[in-house]
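Fold and contact review
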Amino acid sequence: MKKRISNRFVADYVLMFLISTLIGVFAVTLLSFASDVISKNLVNYNYTAEKIMTDDLSAMDVEQVLENGGGVQVVSKNYEVIFSQGINNLPEVLTPKTFTEFLTASQAKGNPFSYSIAYNPRVEFWLLVTFPTSIRIDFAIVHNPEFLSVDTQRVVGVIFAIVLFYLILLGISTVIYSKLTSLSIVNPLKKLCSSASQLRAGDYTSRVDLNLDNEFGELATIFNEMADEIEKEIALRKQSDENRKKLILDISHDLKNPLASIIGYAEFCLIKTEMTTEQLRGYLTTIYNNSSRANRLMTDLFELSKMETSDYVLVKEKLDFAEYLREQMSEAVANLDSAGFSYLFHIPDQEIMAAVDRQQMSRVFENLVDNAINHNQAGTQIELSLMEHPKMIEVRFKDNGVGISSELSDQIFKPFVKGDPVRSRESGGTGLGLAIVRKVVKAHGGTIKLAVDNKVGSEFVLFLPKS
């Protein structure tokens, strides 16, 4: 059976009320004890009328009473004050009535004076000892077990009835209060449990709306943020699965064409017994070109896959990036000339230091050059510019060729993006070059993007951190 929070609240509140009751009983007992202890340590307890009473008034020791600010009066049986020193609160005219009224008033709890009164039957006089009261604690429960009567039984019955009523009222109020209090905890928990159950069942859009400015509100915020992250993760996983399936299809498609051509021409060479050397050379050239194309695809795919693993580590070195870029472009000049491209390089003479992996960064500029050559016609102009910023290096690689549609500006760095001449399979490209470029640049802590404001050609903007 589940232990409900509301029942736990009832038990806790009953326990607290019982503890409070025990504390109250203990406080009453302690107060009674304290009253007794304090009263025995007061001056009026040590110098009472009984303690200083003597038959001979001249032998009576009243010095301590007077030194402590008190007073002593002796009243004869005829109600005459025959001795008085210190404080005197007796009525000016003593009669049996006024003296009786005084004696009655002297025992009142609100009296600012403490009186000790004793009667001497031998000499027949009353002795009054008076002290001013600075503080008084009068608390006591009087019980005489030797004299039980009907009144005692009635008093005990009334006390029992009061205690029973108190316990019943305590139980009812505890249940009601615990139920009301538990609602502020149970209701938010129910909502959280309901949303968590929906989330567990696969409903990743489930959220909690408590509108509370307390710990439960904070918990709901954390839950919603967690649900957001889970929903994003699930969406990314689905997208990753779709990308993986698409990648497999693209790889299969890109390998199918060259392999089909290789198999077809190889089979043709085996079947056809008579052919000229020139024909054989043409068939072998086709087989070689398609084999090279398949090999490039597998090599690029291997490089891209390697960049996704934890083993991919850059070997950086600090170098003059301007000089390094001049070396890269000088190596690309031969390919640009053979493709019939013109080129302009704007590389400053001053030293610009950066920490890069030479081999991996070379892949970036080789792929950018190959991408431009493979997807543009002869006569295209390539323009490369290097600019220095306070914390970054900016490289712009631009051509005035066929360009890239703006719809593909966000997708161009993904593997095997189709729908544009820039990814034409007949061009000889593998469709992985720009994906590798982005991976390498990102691994260096930089960014690369396609400028979308170009009216002619395409322009790639690359940023790398300075060292």
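Residue numbers restart at each chain and count upward from 1, following the sequence in its written direction. For this predicted model, a pLDDT threshold of at least 70 governs which residues receive local features, and a threshold of 80 or more governs which side-chain atom pairs are given and counted, while totals over whole chains, interfaces and linings are taken from all residues. No hydrogens and no water enter the side-chain calculation; it runs on all heavy atoms of the structure.

Now for the overall build of the protein. Strands are runs of DSSP state E lasting at least 2 residues, helices are runs of H or I lasting at least 4, and numbering of each runs from the N terminus. Scanning the protein from terminus to terminus reveals eleven helices and eleven strands. Exposure classes here rest on a 1.4 Å probe applied to the protein chains alone. A residue is buried below 20% of its type maximum, exposed above 50%, and partly exposed in between. Counting over 467 residues, the protein shows a buried share of 34%. Residues count as neighbours in contact if any of their non-hydrogen atoms are within 4.5 Å of one another. Relative to all contacts within the protein whose residues are 6 or more apart in sequence, the contacts with residues 24 or more apart total 63%. In short, Shrake-Rupley with a 1.4 Å probe defines the accessible areas, and a residue's cover is counted only from the protein chains shown. Surface summary for the protein: the accessible area is close to 29,400 Å², and the carbon and sulfur share equals 58%.

Our focus in this paragraph is the packing of helix α9 (residues 321-338) against helix α10 (residues 358-374). In a packed pair of helices, the relevant descriptors are the angle between the two axes and the axis-to-axis distance. α10 packs onto α9 with a crossing angle of 40° between their chain directions and a minimal axis gap of 10 Å. By the angle between their directions, the pair α9 and α10 is classed as oblique. Crossing handedness for the pair α9 and α10: right-handed. Between α9 and α10, the contacting residues are Phe321, Tyr324, Leu325, Glu327, Gln328, Met329, Ala332, Asn335 and Leu336 on the first element and Arg358, Met361, Ser362, Phe365, Val369 and Ile373 on the second. Grouping the constituent residues of the contact of α9 with α10 by class yields ten nonpolar, three polar and two charged. In this description, a line fitted to the C-alpha atoms serves as the axis of each element, helices being fitted only across the stretch in contact, and the angle between N-to-C directions of two axes falls anywhere from 0 to 180 degrees. Angles below 35 degrees are treated as roughly parallel, those above 145 as roughly antiparallel, those between 65 and 115 as roughly perpendicular, and all remaining angles as oblique. Rotating anticlockwise by less than a right angle from the far helix to the near helix defines a left-handed crossing, while the corresponding clockwise rotation defines a right-handed one. When residues are grouped by polarity, Ala, Val, Leu, Ile, Met, Phe, Trp, Tyr, Cys and Pro land in nonpolar, Asp, Glu, Lys and Arg in charged, and all others, Gly among them, in polar.

For soluble globular proteins, nonpolar side chains are generally found buried alongside one another. By nonpolar core is meant a set of buried Ala, Val, Leu, Ile, Met, Phe, Trp, Tyr and Cys residues that side-chain atoms within 4.5 Å join together. If you look at the biggest cluster of nonpolar residues, it comprises 52 residues, and the most contacted ones within it are Phe321, Val364, Phe365, Leu386 and Val395. Beyond its immediate chain neighbours, meaning those up to four positions away, Phe365 contacts Phe321, Tyr324, Leu325, Met329, Leu384 and Val395. Grouped together as the second largest cluster of nonpolar side chains are 13 residues, Ile52, Ala118, Phe125 and Leu127 included.

The next subject is the confidence of the model for the protein. Confidence of the prediction at every residue is given by pLDDT, a number between 0 and 100. A residue-level look at the protein finds 88% of positions with pLDDT of 70 or above and a mean pLDDT of 81. Per-residue pLDDT stays below 50 along residues 418-427; that stretch engages in 28 contacts with residues further than four places along the chain or on separate chains.

Another point: the pairing of strand β3 (residues 113-120). At least two DSSP bridges between two strands are needed for those strands to be called paired. As judged from the eight bridges shared by β3 and strand β4 (residues 125-132), these two strands associate in the antiparallel manner. When the sheet's bridge partners are listed, Ile117 is paired in β4 with Leu128. The loop that links β3 with its antiparallel partner β4 comprises four residues; one of these, Glu124, has a positive phi angle of about 60°.

For the rest of this paragraph, the subject is the pattern of salt bridges. Any Lys or Arg side-chain nitrogen located within 4 Å of an Asp or Glu carboxyl oxygen qualifies as a salt bridge. Taken as a whole, this structure holds ten salt bridges when the rule is applied. Close ionic contact of Glu327 with Arg358 constitutes a salt bridge, the shortest N to O distance being 3.8 Å. One end of the pair, Glu327, is in helix α9; the other, Arg358, is in helix α10, and 31 residues separate them in sequence. Residue Arg358 is classed as partly exposed on the basis of its relative accessible area of 35%. Among the ionic pairs, Lys466 bridges to Glu388, the shortest N-O distance being 2.6 Å. Here Lys466, found in the segment after β11 (458-465), pairs with Glu388, found in strand β8 (residues 381-388); they are 78 residues apart in sequence, far enough to count as distant. A relative accessible area of 26% places Lys466 in the partly exposed class. Given the relative accessible area of 37%, Glu388 is considered partly exposed. Several salt bridges share partner residues, and in doing so they unite Arg207, Asp228 and Glu231 into one network.

The subject of this paragraph is the packing of aromatic side chains. What counts as a ring pair is set by centres within 6.5 Å for rings of Phe, Tyr and Trp (its six-membered ring), and what kind of pair is set by the plane angle: stacked under 30 degrees, edge-to-face over 60, tilted for all other angles. In total, this model carries twelve aromatic pairs according to the counting rule given. Measuring from ring centre to ring centre gives 6.5 Å for Phe113 and Tyr115, while their planes differ by 45°; the resulting arrangement is tilted. Residue class for Phe113 comes out partly exposed when judged on its relative accessible area of 23%. Following the ring pairs from residue to residue traces out a cluster consisting of Tyr79, Phe99, Tyr119 and Trp126.

Structurally, Gly202 can be placed in the loop between α6 (150-200) and α7 (215-271). Accessibility expressed as a relative area gives 35% for Gly202, which makes it partly exposed. C-alpha of Gly202 to C-alpha of Glu231: the two residues are 29 residues apart in sequence and 9.8 Å apart in space.

A word on unusual backbone geometry. Positioned with a positive phi, Tyr79 is a non-glycine residue whose angle comes to about 65°. Tracing the sequence through the fold places Tyr79 in the loop between β1 (71-76) and β2 (81-86). Classification of Tyr79 by relative accessible area gives partly exposed; the value is 24%.

Let us look at the sheet that holds β2. Taking strand neighbours across the sheet as the criterion, the four strands line up as β2-β1-β4-β3 in an open arrangement whose pairing is antiparallel. Each end of this open sheet is capped by a strand with a single partner; those strands are β2 and β3. The mean angle between the axes of side-by-side strands here comes to 15°, regardless of whether they run parallel or antiparallel. Looking at chain direction, β1 and β4 are connected through six bridges and run antiparallel. Residue pairing for β4: Val74 is matched across the bridge by Leu127. Contacts from helix α5 (residues 96-105) reach β1, β3 and β4 within the one sheet, and its direction differs from that of β4 by about 45°.

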